[in-house]
Amino acid sequence: NTTVTQLDLSQNALDSEGALHIAEALTVNTTVTQLYLGVNSIDTIGAQHIAEDLKANATVNQLNLCYNDIDAVGAQHIAEA
């Protein structure tokens, strides 16, 4: 991908496994700056996967995770990424 800068995967029933795949894609992403993952079933484990790979990603500057199943621990992982 060399052209997509916004990716909206909201309302796709993504769970922690789906979040893992998104996270893996983040490690090689160089164009997507806005990632929308709201209204899914991403839990704390999924948030941890995303956070770990966001640390290696300097491109994403907007991340929407609203209305998921992320608790305070998962939010802390994202905040530290």
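Since we're looking at a predicted model, the values are computed, not measured.

1. A few points about the overall build of the protein chain
The helix and strand tally for the protein chain stands at three helices and three strands. Start at the N end of the protein chain and walk to the C end: the helices and strands fall as β-α-β-α-β-α. Here the C-alpha atoms of the protein chain give a radius of gyration of 11 Å, agreeing with the 12 Å that 2.2 N^0.38 yields for 81 residues. For the protein chain, the spread of C-alpha atoms along the principal axes amounts to about 35 × 25 × 20 Å. The buried share of the protein chain, reckoned over its 81 residues, is 35%.

2. Observations concerning the sheet that holds strand 3 (residues 62-64)
Sheet architecture is open: three strands sit in the order 1-2-3, paired in parallel fashion. Only two strands of the sheet have a single partner each, and these edge strands are strand 1 (6-8) and strand 3. With direction set aside, neighbouring strand axes in the sheet form an average angle of 5 degrees. Across three bridges, strand 1 lies against strand 2 (residues 34-36) in parallel orientation. By the bridge assignment for strand 2, Gln6 is matched with Gln34.

3. Let's talk about the side chain of Asn40
Tracing the backbone shows Asn40 in the loop between strand 2 and helix 2 (44-54). With relative accessibility at 7%, the residue Asn40 sits in the buried group. At a separation of 2.9 Å, a polar atom in the side chain of Asn40 contacts the main-chain amide nitrogen of Asn12. Separated by 2.9 Å, the side chain of Asn40 and the backbone nitrogen of Leu14 make a polar contact.

Conventions and cut-offs
Residues numbered from 1 in each chain as written. Predicted model: local features only at pLDDT ≥ 70, side-chain atom pairs only at ≥ 80, totals over all residues. Heavy atoms only, no water. Helix = DSSP H or I, 4+ residues; strand = E, 2+ residues; numbered from the N terminus. Rg over C-alpha atoms; globule rule 2.2 N^0.38 Å. Buried < 20%, exposed > 50% of the residue type's maximum accessible area, 1.4 Å probe, protein only. Pairing = 2+ DSSP bridges. Axes fitted to C-alpha atoms, helices over the stretch in contact; angles between N-to-C directions. Polar contact = N/O pair within 3.5 Å; in protein donor to acceptor, adjacent residues only side chain to side chain.

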